[in-house]
Amino acid sequence: MDKQTVYIPRLASTKERFAPGHRACIGCGEALAVRLVCKALGDNVIIANATGCMEIVSSQLPYTSWTVPWIHTLFENTAAVASGMESGLKAMNRKGVKSLPGVKVVAMAGDGGTSDIGLQALSGALERGHNFLYVCFDNEAYMNTGIQRSSSTPYGASTTTSPAGKVSVGKFSWKKNMPAIAVAHNVPYVATASPSYFKDLFSKVKKAVAVNGPAYLHVLSVCPVGWRSAPELSVRMGRLAVQTGMFPLYEVENGKYKLSMDLPKLRPVADYLKLQGRFRHLTQDMIQEIQRRVNEEYAKLKEKAA
Amino acid sequence: MAIKVGMEVSVAMGEMVKLASADVIAAYPITPQTHIVEHLAELVADGELDAEFIAVESEHSAMSACLGSAAVGARTFTASAGQGLELMHEVLYVASAMRLPIVMAVANRALSAPLSVWGDHSDVMAVRDTGWIQMFTENGQEVVDNTLCAFRIAEHPRVLLPLMVHLDGFHLSHMIEPLLLPEQSEVDRFLPPNSYPLSLDPARPVTMGDFAPPVIYTETKWAQEVNLRASKEVILDCWKEFGDAFGRYYSPVESYHSEGARVLLLTMGSFSETAMLAVDSLRSQGVDVGLVRLRLWRPFPFDELRQAVKEAEVLIVLDRALSVGGPGGPVCSEVKAALYQVEPRPKVVSFVGGLGGRDITVSGFEEIIKRGMDIAEKGSASEFEMFGVRE
Ligand SMILES: Cc1ncc(C[n+]2csc(CCOP(=O)(O)OP(=O)(O)O)c2C)c(N)n1
Ligand code: SF4
Ligand SMILES: [Mg+2]
């Protein structure tokens, strides 16, 4: 799959729906992820966006980066806003008040807006079965407010509210398994994706849009600022996250797990961790502990996908 | 021809939302609002109202779903009260600032702690500055009539603001009253379809809800102020046309035997009806007293209020909410502010009472008026008096 990325420019539409000129930092993996997801979405969408980096960099009055209809309201309510949009379109189409056939409602939020403060609204919307796609852009912390930890921050990462210190390992708990929480809602489609694997991301977005009902996409988004990694390495970092098993790519269609790529042997997690300042303080023991846990989680995932 | 019914006020409100053909209702249950949304859920379940009923998982999500629904141009209704309204708090500001015409019924309820499901105006006052149009109602007919007016005002192209219809929890929401419900054809004539401009539509992409740096935030807030103030004109037009069509006229401040009266009592909501009886009783005893009722709470009707009290020497205000550690009653504070620059102006006396469902009877109001007159004459050591505190 790695090699196919060479051909991607020919597969993707050249139209930008998340247009250049936005204020994201150089090497921002989240901006790349949003841009690529939007390419895959097409034009017949309405987007609801949570407060967070992507909202802030794209929508400073009186400018906008969005060429598709887009709304931002608050931080934690994006799935609920999407519920209202989907229901409104449904009712108006049915009653003949308006005709907006086939419009896909898409909610977008960061890991904080999804796995922490927005979890209740998301759970409600998934349970109610709205026909919408929810995309979580996971850069593993509250980046917009200055790199504070979220429940999606990985174990050991030093952030401004989980600083590594004399008596602190950094973030002390394991990364919350948000895709599994989405799966537990029995929704038709859940997948993980990475902009570093564009073709895979593209096909997952297409599948998610085609689903009639809630779909959940969890996209790892490298943040060089928060991860303290080199901006020019963002795409490679995304690949390393996948190849080390720290962020495996898979999809869950109607409850059935399927790995998106075959990794007979995982690369050592150290290859990924050592490129990031947020893990610089980790001792050999801690890295081994992370390796053990990643192996264990990956084996469990493989079993589910078997 | 209107249809005469005997109906619970909450149910009648649901009937009006049906007659208004709402597209989306997103609501979360809380006493004493429940009967409104339960009735709507039933109407949708029976196919009598063609709408999407979103049984959300919280009030925060209820109001958020309303934002989404209104932003795609759907006619949108919700209802809440007390804690529910408080949980919506931050979303309420967004609804008004983004000019989304949502209609919400608030079955006014006290705020915890201690927990109280009963009525007062603590919830209204906590959302006073959220930028919504807000009106009080006194009886079931007013609820029916103003639910219809609410959609027309909120969705008016010169307004495009969310609107709260306040009805006192239990004291009004749960009453069974004789009511006149309009017919569908009458409603259709009075209420044009919702034609929200610049809704979210792939054919005409718009960006909504940008963030504002300091260089532009002030201007957005001023625009909001100008817009909310200007809505009064449309509200007055709507009430006038409603009166012409249905024979019942409404105004921002209503008076009862207030012309030339030396002493005036000011109330809001359903307690006004009891206060009228107290005024009747005192007048028969020779007390020169009248009543003014505040119907429009936002935009605040400065001119109408000044006009209504200009001849009085004493104005007694009864608030059903407390500004703890502050000047007592929030409505009284605003009344005082409205009158401060006016000459001559009545002496204003503040009472707080009727909290958490505590009734104020006719004799209670008589007591308030007499005590108020006494304070106006002799003065008082405190900013306000709490009525009916048991020792
Ligand atoms: C109710 C509320 N609490 C806190 C904030 C402050 N806030 C804005 S964005 C943000 C973090 C966003 O993190 P995430 O969702 O991960 O998105 P990112 O910026 O990392 O893309 C926080 C804490 C807010 N806007 N609203
Ligand atoms: S802080 Fe990180 S996620 Fe936010 S714009 Fe910068 S690089 Fe992107
Ligand atoms: Mg984040």
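Here, every reference points to the structure presented above.
Everything numeric in this text was worked out from a predicted model, so none of it was measured.

Engineer: Would you mind showing me how to read the overall build of chain A here?
Structural biologist: The number of helices and strands found in chain A is twelve helices and ten strands. Relative to the globule expectation of 19 Å for 306 residues, the C-alpha radius of gyration of chain A, 19 Å, shows essentially globular dimensions. Overall size of chain A, expressed as C-alpha extent along the three principal axes, is 65 × 45 × 40 Å. Looking at chain A residue by residue over its 306 residues, the buried ones come to 58%. Taking all contacts inside chain A whose residues are at least 6 apart in sequence as the whole, residues at least 24 apart take part in 70%. For chain A, the exposed surface amounts to about 12300 Å²; the carbon and sulfur share of it is 56%.

Engineer: I'm lost on the side chain of Arg293 of chain B in this one. Help?
Structural biologist: Residue and element names in this part refer to chain B. Within the element layout of this structure, Arg293 appears in strand β12 (residues 289-294). The buried category is assigned to Arg293, whose relative accessible area is 9%. At 2.7 Å, the side chain of Arg293 and the side chain of Glu138 are in polar contact. The contacts of Arg293, once residues within four sequence positions are left out, are Glu138, Pro252, Val253, Glu254, Ser255, Tyr256, Thr267, Ser272 and Met276.

Engineer: Honestly, the pairing of β12 of chain B in this entry has me stumped. Any pointers?
Structural biologist: Along a regular strand, successive side chains alternate from one face of the sheet to the other. Residue and element names in this part refer to chain B. Most of β12 is tucked away, with six of its six residues classed as buried. Relative to β12, strand β10 (residues 253-256) runs antiparallel, the two sharing four bridges. Note on β12: the bridge partner recorded for Glu254 is Arg293. The pairing of strand β11 (residues 263-267) with β12 spans five bridges and is classified as parallel.

Engineer: Is there a simple way to explain the site of ligand 2 in this structure?
Structural biologist: Every residue lining ligand 2 is accounted for by Ala24, Cys25, Cys28, Glu30, Cys53, Asn139, Met143, Cys223 and Pro224 of chain A. Taken together, the residues of the shell around ligand 2 break down into seven nonpolar, one polar and one charged.

Engineer: Explanation requested: the sheet that holds strand β4 (residues 132-138) of chain A in the structure shown.
Structural biologist: Backbone-to-backbone hydrogen bonds join strands into a sheet, with any given pair of strands oriented parallel or antiparallel. Taken together, nine strands build an open sheet; the order of strands is β10(A)-β9(A)-β7(A)-β8(A)-β4(A)-β3(A)-β1(A)-β2(A)-β9(B) and the sheet is mixed. Looking along the sheet, the strands with just one partner apiece sit at the ends: β10 (256-259) of chain A together with β9 (207-208) of chain B. Relative to strand β8 (residues 215-220) of chain A, β4 of chain A runs parallel, the two being bridged by six bridges. By the bridge assignment, Val135 of chain A is partnered in β8 of chain A with Leu217 of chain A.

Engineer: For this particular structure, what's the right way to read the coordination of the magnesium ion (ligand 3)?
Structural biologist: A metal bound by six donors in octahedral fashion has ideal angles of 90 or 180 degrees, whereas one bound by four tetrahedral donors has an ideal angle of 109.5 degrees. All names here are of chain A. The protein atoms that coordinate the magnesium ion (ligand 3) are Asp111 (OD), Asn139 (OD1) and Ala141 (O), at distances of 2.0 to 2.1 Å. Mapping the donors of the magnesium ion (ligand 3) onto the primary sequence gives the spacing D-x27-N-x1-A. You can call Asn139 buried: its relative accessible area is 3%.

Engineer: Explain the site of ligand 1 here, please?
Structural biologist: All names here are of chain A. Taken together, 17 residues are adjacent to ligand 1, and Glu30, Cys53, Asp111, Gly112 and Gly113 come closest. Between ligand 1 and Asp111 there is a distance of 2.8 Å, counted from an oxygen atom to a side-chain nitrogen or oxygen. Here an oxygen atom of ligand 1 and a backbone polar atom of Met143 are 3.0 Å apart. Coverage of ligand 1 by the protein amounts to 77% of the 590 Å² it exposes when considered alone.

Engineer: Whenever I open this one, the side chain of Glu76 of chain A confuses me. Can you help?
Structural biologist: Within the element layout of this structure, Glu76 of chain A appears in the loop between β2 (70-72) and α4 (78-95). Despite its burial, Glu76 of chain A pairs with no opposite charge, the nearest such side chain being Arg128 of chain A at 14 Å. Side-chain polar atoms of Glu76 of chain A contact the side chain of His60 of chain B, separated by 3.2 Å. Those residues in contact with Glu76 of chain A that lie beyond four places of it in its chain are Ile117, Gly118 and Ala121 of chain A together with His60 and Glu90 of chain B.

Engineer: Before we go on, may I ask you to explain the environment of Arg204 of chain B in this structure?
Structural biologist: All names here are of chain B. Secondary-structure assignment places Arg204 in the loop between α8 (184-190) and β9. For the pair Arg204 and Arg152, spaced 52 residues apart in sequence, the C-alpha separation works out to 25 Å. Not counting residues within four places of it along the chain, the set of residues in contact with Arg204 comprises Leu198 and Ser199.

Rules used throughout
- Residues numbered from 1 in each chain as written.
- Chains lettered and ligands numbered in written order.
- Predicted model: local features only at pLDDT ≥ 70, side-chain atom pairs only at ≥ 80, totals over all residues.
- Heavy atoms only, no water.
- Helix = DSSP H or I, 4+ residues; strand = E, 2+ residues; numbered from the N terminus.
- Rg over C-alpha atoms; globule rule 2.2 N^0.38 Å.
- Buried < 20%, exposed > 50% of the residue type's maximum accessible area, 1.4 Å probe, protein only.
- Contact = heavy atoms within 4.5 Å.
- Areas by Shrake-Rupley, 256 points an atom, 1.4 Å probe, with all protein chains shown as cover.
- Polar contact = N/O pair within 3.5 Å; in protein donor to acceptor, adjacent residues only side chain to side chain.
- Pairing = 2+ DSSP bridges.
- Near = heavy atom within 4 Å.
- Nonpolar A, V, L, I, M, F, W, Y, C, P; charged D, E, K, R; others polar.
- Donors = N, O, S within 2.8 Å, 3.2 Å for Na, K, Ca; no water.
- Lys, Arg positive; Asp, Glu negative; His and termini not counted.
- Salt bridge = Lys/Arg side-chain N within 4 Å of Asp/Glu carboxyl O.

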